Amino acid sequence: MMAIHQRGHLVIRSAALLAAAILLAGCNNQTTGTATKMATQGYAFAPAAFYRFCASDPALCSTRGKVKAVDLTPSLEAELASVNISVNRRIRERGDRSSAGQADVWGLPTAEGDCEDFAILKKAELLKRGWPASALLLTVATLGGAGHTVLTVRTSKGDLVLDNRTGAIRNWSRTSYRYFARQSQSENGKWTRIRT
């Protein structure tokens with residue numbers, strides 16, 4: 001982790017590492033212990049707006065690649081937390097009806113957007129930093145009957161959720177959502193059903 005044990009004492013290597021440890025405190029508490037991964041079975045329908053978006057920006061919809069789970073080192077964990085918080089802070093949440101005049105429009109936001117736009121921007125930011133597309137999966141869920149989209153990142157610490165509703169990164173099994181489907185890792189352009 002960010003700190004080392006030395007003769008029974010916890011030693012932080014530098015002020016920068018201490019700041020990163022504080023930033024990730026919520027994330028580390030959520031990702032330690034059982035590293036659970038989503039189990040999938042069969043195909044699922046993607047939201048119709050996903051296909052419209054992918055026709056104009058296929059790179060952001062891709063799941064091509066051989067990496068099935070990122071080995072989550074402390075520096076990569078810090079990068080994940082930084083992207084999640086940065087996007088959540090700089091994009092204002094606004095529904096599609098208000099901003100686009102339609103019920104469901106997926107896109108790469110510049111100033112405002114709704115849940116799927118946040119997830120797409122987080123995927124774009126991580127891709128720019130060299131994260132593999134095959135481990136960055138757009139995922140749909142429900143909470144109280146309302147639909148919601150998050151970015152699932154497949155890691156050695158389980159499937160972690162980047163959500164516009166919180167700065168904390170949590171294992172998917174430790175959220176309140178009922179997960180429905182996500183992008184397939186093995187078949188680009190397909191979605192798979194999540195077994196809960």
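Just above sits the structure.
Quick summary incoming for the structure in this document. (Residues numbered from 1 in each chain as written. Predicted model: local features only at pLDDT ≥ 70, side-chain atom pairs only at ≥ 80, totals over all residues. Heavy atoms only, no water.)

### Some details on the overall build of the protein chain
Part 1 of the reasoning: Scanning the protein chain from N- to C-terminus turns up six helices and eleven strands.
Part 2 of the reasoning: Considering only intrachain contacts with a sequence separation of at least 6, the fraction spanning at least 24 residues in the protein chain is 63%.
Part 3 of the reasoning: Accessible surface computed for the protein chain: about 9900 Å², of which carbon and sulfur atoms make up 53%. (Helix = DSSP H or I, 4+ residues; strand = E, 2+ residues; numbered from the N terminus. Contact = heavy atoms within 4.5 Å. Areas by Shrake-Rupley, 256 points an atom, 1.4 Å probe, with all protein chains shown as cover.)

### Let's talk about the packing of aromatic side chains
Here the distance between the centres and the angle between the planes together describe a pair of aromatic rings.
Part 1 of the reasoning: Throughout the structure, instances matching the rule amount to five aromatic pairs.
Part 2 of the reasoning: Between Phe50 and Trp106, the aromatic rings sit 5.9 Å apart at their centres with planes inclined by 75°, giving edge-to-face as the arrangement. Separated by 56 residues along the polypeptide, Phe50 in helix H3 (residues 48-56) and Trp106 in the loop between helix H5 (96-99) and strand S5 (112-113) bring together distant segments of the chain.
Part 3 of the reasoning: Given the relative accessible area of 2%, Phe50 is considered buried. (Phe/Tyr/Trp six-rings, centres within 6.5 Å; stacked < 30°, edge-to-face > 60°. Buried < 20%, exposed > 50% of the residue type's maximum accessible area, 1.4 Å probe, protein only.)

### A look at the state of the cysteines
Should the sulfur atoms of two cysteines be covalently bonded, the bond is a disulfide.
Part 1 of the reasoning: Applying the stated criterion to the full structure yields one disulfide.
Part 2 of the reasoning: Bridging Cys54 to Cys61, the disulfide has an S-S length of 1.9 Å. Its torsion about the S-S bond being -95°, the disulfide of Cys54 and Cys61 is classed as left-handed.
Part 3 of the reasoning: A relative accessible area of 14% places Cys54 in the buried class. (Disulfide = S-S within 2.5 Å.)

### A closer look at H3
Part 1 of the reasoning: Residues Ala49, Phe50, Phe53 and Cys54 constitute the buried set of H3. Burial along H3 is one-sided: seen end-on, the buried residues are contained in an arc of 135°. When the buried face of H3 is taken as reference, the exposed residues oriented beyond 90 degrees from it are Arg52, Ala55 and Ser56.
Part 2 of the reasoning: In this structure, the buried side of H3 is in contact with helix H6 (115-128), strand S6 (136-143), strand S10 (178-183) and strand S11 (191-195). (Arc of directions from axis to C-beta.)

### Some points on the sheet that holds S10
Part 1 of the reasoning: Here we have seven strands laid out as an open sheet, ordered S3-S11-S10-S6-S7-S8-S9, and antiparallel in their pairing. At either end of the open sheet lies a strand with only one pairing partner, and these are strand S3 (39-44) and strand S9 (170-171).
Part 2 of the reasoning: In this sheet, strand S8 (residues 158-162) lies alongside strand S7 (residues 146-155) in antiparallel orientation, the contact comprising five bridges. Opposite Thr155, over in S8, you have Gly158 as the bridge partner. (Pairing = 2+ DSSP bridges.)

### Here we look at the environment of Arg165
Part 1 of the reasoning: Within the secondary structure, Arg165 sits in the loop between S8 and S9.
Part 2 of the reasoning: Along the backbone, Arg165 and Val150 are 15 residues apart, and their C-alpha atoms lie at a distance of 9.5 Å.
Part 3 of the reasoning: For Arg165, the residues in contact, after removing those within four places along its chain, are Leu143, His148 and Tyr177.

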